[in-house]
Amino acid sequence: MKIVDHRLTTEFADNDWVDKSGGKFAPGLPDTVVIHYTGGGSLASALNTFKDPKVSASAHVLVDKDGRLVQLVPFDRIAWHAGISAYLDRNGLNSYSLGIEVVNAGKLEKSGSLYRSWFGRSYPEEEVVRAVHRNEEEPSYWERFTQEQIETVLNLCQALKNRYQICHILGHEEISPGRKIDPGPAFPLDKLRDRLLHDNRKDEQESGGETRISGVVRAQALNVRSGPSVNSPTIVQPLSRNTELQILDEQKGWYQVEVKVRGWVAGKFVEKISSS
Ligand SMILES: [Zn+2]
């Protein structure tokens, strides 16, 4: 995909400019992509919402079921897709991120042999994924994303990464947990990140002659201890969810990690994201 003057060229995307934006990004930004689902049944219904001047919401790009793209806001302008949100030491992710909205109904309720969306449409079993949301404990039902959508989002993120200094690809559910559940477990967000962000880091490390394992904190708050045991004292403030770390050693289910200091965390709360 090609981006010229912060716009996808018409070869790759239609455009339908929406004049709802918070002005230009600060220099060096955006550096983050936030993935959403529209929570609706069609591109047309999402466009209606985003084009409605009474609705304070916009996004950079919409991804239709067939993978077709429609750009609404140029990539050098802030769109209103994240709302109240936080990641690491940042609040209000709109000022840092590009928003990609994928047409998808989201969470479904099972009723008989069918699955129903909040707006009343029924989905057959083959369009449904049963999975546990990263912020929930029990499995639930979700509309399946099409292969075309997943491939388009991957290509789009790659193009954005080539053009901008993208170092984070996040789900709305990760920056507004408790308030938002999109894109949900039917979207292969971790895979997308592994492919676009972590692989590169691995390449850099390999070219430096060093191999490392990285991980991401999957607990709300994770204690860092001086030794591999719950009896070892904590040595820094707990790590927050999604903190990335290097795993240096492993003992009895504990990982020795490097963040700002070296200490030990319970391995079951860390998801390994690459190994070599
Ligand atoms: Zn969202």
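Please refer to the structure higher up on the page.
Basis of the calculations
Residues numbered from 1 in each chain as written. Predicted model: local features only at pLDDT ≥ 70, side-chain atom pairs only at ≥ 80, totals over all residues. Heavy atoms only, no water. Donors = N, O, S within 2.8 Å, 3.2 Å for Na, K, Ca; no water. Helix = DSSP H or I, 4+ residues; strand = E, 2+ residues; numbered from the N terminus. Buried < 20%, exposed > 50% of the residue type's maximum accessible area, 1.4 Å probe, protein only. Salt bridge = Lys/Arg side-chain N within 4 Å of Asp/Glu carboxyl O. Phe/Tyr/Trp six-rings, centres within 6.5 Å; stacked < 30°, edge-to-face > 60°. Lys NZ or Arg CZ within 6 Å of the ring centre and 35° of its normal. 1 Å grid on protein atoms, 1.4 Å probe; cavity = no way out; pocket = protein on both sides within 12 Å on 5 of 7 lines; lining within 4 Å. Points joined across faces, edges and corners; volume = space filled by probe spheres on them. Domains from an automatic or database assignment. Arc of directions from axis to C-beta. Contact = heavy atoms within 4.5 Å.

A. Spotlight on the coordination of the zinc ion. Ligation of the zinc ion by protein atoms is provided by H36 (ND1), H172 (ND1) and D182 (OD), these donors lying 2.0 to 2.1 Å from the ion. One chain supplies every donor to the zinc ion, and in sequence these donors are spaced H-x135-H-x9-D. You can see H36 sitting in strand β4 (residues 32-37) and its partner H172 sitting in helix α3 (residues 172-175), a full 136 residues away along the chain. Neither residue differs from the other here; H36 and H172 are each classed as buried.

B. Up close: the pattern of salt bridges. Counted according to the given criterion, the structure contains 17 salt bridges. Members of the salt-bridge network, linked through shared partners, are R134, E173, E174, D190, R193, R218 and E271.

C. Quick look at the packing of aromatic side chains. Per the stated rule, a full pass over the model turns up 4 aromatic pairs. An angle of 50 degrees between the planes, with centres 5.0 Å apart, marks the rings of Y115 and Y141 as tilted. Taken together, the positions of Y115 in strand β11 (residues 114-116) and Y141 in strand β14 (residues 139-143) put the pair 26 residues apart, joining distant regions of the chain. Judged by centre distance (5.2 Å) and plane angle (80 degrees), the rings of F145 and F187 are edge-to-face. Note that F145 is positioned in the loop between β14 and α2 (147-163) and F187 in the loop between α3 and α4 (189-207), a separation of 42 residues in sequence. Neither residue differs from the other here; F145 and F187 are each classed as buried. Between R7 and the ring centre of W17, over which it is positioned, the NZ or CZ distance is 5.3 Å. Taking the ring centre of Y164 as reference, the NZ or CZ of R163 above it sits at 4.7 Å.

D. Structural context of empty space enclosed by the protein. The tally for this structure, following the rule as stated, stands at 1 cavity of 30 Å³ or more. Quantified by volume, the largest cavity comes out at close to 100 Å³. As for the largest cavity, its lining consists of 15 residues, of which I169, R193, H198, V216 and E244 are closest to the centre. Elements with a contribution of two residues or more to the lining of the largest cavity: β15 (168-171) and α4. Considering each element in turn, the lining of the largest cavity owes the most residues, 5 residues, to α4. A domain-level breakdown of the lining of the largest cavity finds at least three residues from each of domain 1 (3-203) and domain 2 (212-274).

E. View of helix α1 (residues 43-51). Among the residues making up α1, those that are buried are L43, A46, L47 and F50. Buried residues of α1, viewed axially, fall in a sector of 100 degrees; they line one side. Against β5 (61-63), β6 (69-71) and β9 (97-102) lie the buried residues of α1.

Geometry only, nothing functional implied.
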